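# Report on the structure
Chain by chain, the residues run as shown.
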Amino acid sequence: MAWASWATLSRRLSVVFALLLLACCGASAWLQVRASGLHGQEVVQRLSMGLAAHIAENSELMRPGGLNQAAVKDLFDKLMAVNPGVEVYLLGLDGRIEAQAAPPGHLKRDRVALEPIRKLLSGAALPIVGDDPRSADAAKVFSAAPLKVGGRDAGYVYVVLQGEDYDALAARLAADNLLRTTLWSMALVALLGLIAGLAAFRLITRPLRELTQAVKRFETEGPASPGGEAPTLARLSRGGDEIALLGQAFTQMTRRIAEQWRELTLSDQQRRELFANISHDLRTPLTSLHGYLETLLLKAGSLSEEERRRYLEIALGQSRKVGRLAQELFELARLEYGVVKPEKENFALADLVQDVFQKFELAAEARHQRLEPDIAPGLPVVSADLGMIERVLTNLLDNAIRHTPAGGQIEVQLRPASSGVAVQVSDTGPGIPGELQKGLFVRPVFLSGARSDGSGSGGLGLVIVQRILQLHGSDIRLVQQPDKGAVFRFQLGGATAA
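All residue numbers here refer to positions counted from 1 along the written sequence of the relevant chain. Given that the model is predicted, a residue must reach a pLDDT of at least 70 before its local features are reported, and side-chain atom pairs must reach 80 or more before they are shown or counted; all residues, however, enter totals for whole chains, interfaces and linings. By convention in this description, side-chain values take in all heavy atoms of the structure and omit both hydrogens and water.

## Notes on the pattern of salt bridges
Where charged atoms from two side chains of opposite charge come close, those side chains can pair. Between Lys or Arg on one side and Asp or Glu on the other, a salt bridge is scored when a side-chain nitrogen of the former is within 4 Å of a carboxyl oxygen of the latter. Scanning the model with the defined rule gives 13 salt bridges in all. Where Lys140 meets Asp132, a salt bridge forms, and the shortest distance between an N and an O atom there is 3.3 Å. In this pair, the class of Lys140 matches that of Asp132, namely buried. One salt bridge in this structure joins Asp398 and Arg402, with 3.0 Å as the shortest N-O distance. Residue Asp398 and its partner Arg402 are both found in helix α12 (residues 386-403); the two are separated by four residues, about one turn of the helix. The buried label applies to any residue whose accessible area, calculated with a 1.4 Å probe on protein chains only, is under 20% of its type's maximum; exposed applies above 50%, and partly exposed to all values in between. In this description a helix means any DSSP run of H or I spanning at least four residues, a strand means any run of E spanning at least two, and both kinds are numbered starting from the N terminus.

## A look at the sheet that holds strand β4 (residues 97-100)
Within a beta sheet, neighbouring strands are joined by backbone hydrogen bonds and run either parallel or antiparallel to one another. For two strands to count as paired, DSSP must find a minimum of two bridges between them. If you walk across this open sheet you meet the five strands as β4-β3-β7-β6-β5, and the pairing is antiparallel. The open sheet has two edge strands with one neighbour each: β4 and β5 (129-131). For this sheet, the mean inter-axis angle between neighbouring strands, taken without regard to orientation, is 40 degrees. Sheet topology places strand β6 (residues 139-149) next to strand β7 (residues 152-160); eight bridges connect them, and they run antiparallel. Counterpart to Leu147 in the pairing with β7 is Gly155. Angular values range over 0 to 180 degrees, each being the angle between N-to-C directions of two axes fitted as lines to C-alpha atoms, with helices fitted over their stretch in contact.

## Focus on the packing of aromatic side chains
Two rings from Phe, Tyr or Trp (for Trp, the six-membered ring) form a pair when their centres are within 6.5 Å of each other. A pair whose planes differ by under 30 degrees is stacked, one over 60 is edge-to-face, and the rest are tilted. Inspection of every chain in the model, using the stated rule, returns three aromatic pairs. Centre to centre, the rings of Tyr89 and Tyr158 are 6.5 Å apart; their planes meet at 50 degrees, and the pair counts as tilted. Note that Tyr89 is positioned in strand β3 (residues 87-91) and Tyr158 in strand β7, a separation of 69 residues in sequence. For the pair formed by Tyr89 and Tyr158, the shared burial category is buried. Members of the aromatic cluster, joined through ring pairs, are Tyr89, Phe142 and Tyr158.

## So, the sheet that holds strand β11 (residues 409-417)
The strand order across the open sheet formed by five strands is β9-β11-β12-β14-β13, and the pairing between neighbours is mixed. Every interior strand has two partners, whereas the edge strands, β9 (370-375) and β13 (477-479), have only one. Direction aside, neighbouring strands of the sheet carry axes that sit 20 degrees apart on average. Note that β9 and β11 share six bridges and pair parallel. Within β11, the residue paired with Asp374 across the bridge is Gln413. Two residues form a contact once any of their heavy atoms are found within 4.5 Å. With respect to the sheet, helix α11 (residues 349-366) is in contact with β9, β11, β12 (420-427) and β14 (487-493), its orientation differing from that of β9 by roughly 170 degrees. Contacts from α12 reach β9, β11, β12 and β14, with the element oriented near 170 degrees to β14.

Have a look at this one:
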């Protein structure tokens, strides 16, 4: 848990950056030390380039019979006293060591490679390192010159410029300063790397932190919070890097969730209104039914046969209203929860309209109303659920008949459309008031006197019509036409070729 709280992205990036910086500084320090060493070797070699030649000019070192041991010893003693850091060797023409002044046991080689000597004498680029006789594998800068006797080469003067004494002294000095210098260097590099990493990665990860805060606020405050975060999200979504793409994805997600939340809120509000309206519509017929039945019970002996029959007919009418509303509620619930799926088939819509007209002929004649079909010739066959479309036409015609005054006209118009058949159902009634039109197809209207004739409202019928047409990929709308009452239009898709 402690590691999870500490190891934020910016901190982890800072640690990685500091480690990389330390590695780079270590490599750079190694390269600088190596370059400095090479530079020092070149300086020493250039300064002492003529040392071997100067020694070789001493004609007493070699005699026709061989080395002058006394002269050689004297020379070695003087050089060691003057410069303890150099080591002088006299070599034969084959590189074998002929004379040297090393303490007993210090000499590790009896021969020196001649190739580096030849390179030095030929003027090759410095520094040039050769074999160190006092080490089995070391190589050091040197000075060399040919040793002549009677004008002929007799060997070489080989001077190691950084001998054992030089190495011992350098090691002691390095041991004193190395630990301190290393610790200070690492501490300084670590501190600078940490500061630079924290500053750099804080700037780099700032958009990610802001996006994280926006996500947390969205989590705690819900879909209402993205509105206040819109400027931040818009700024974070600019650009093409990964954080910008993440911001764009989060913005789209919050918009989608907010839209879904608004739809859920609206749906919940509509359901509440539906329950309230249904309660209102149920209460009215139930109250009337209860009142007339109670009257029949209390005044059974004093009512005439005609009054008793009239009361029973009224009670029966109110019972039919309750039954019709219960049936509509059941049907709407099945449509809402996806229990009913359209089983599409190909049929002629004109034939279905004629069948529905026959169903309402008696009701229309009783109200002295006319049912007028206006069917264009050559209509295409539609593909839909026959029973559901019959219910759509039934609900629309039932509402039209109930809300059209005596002597009025109800018309069903069928016209070919681009992708099927356009249907229009109209009447000559008073129409639907403007205050009820907005939510006509999403919630039932149960207000007495919704039409000017006081015959009531469409109830759940239009809501059921809307749900059925939505299952068919269509929609219904209320349009305004002069000299008409309520005019409804929708469209059904044509049958596809087999």
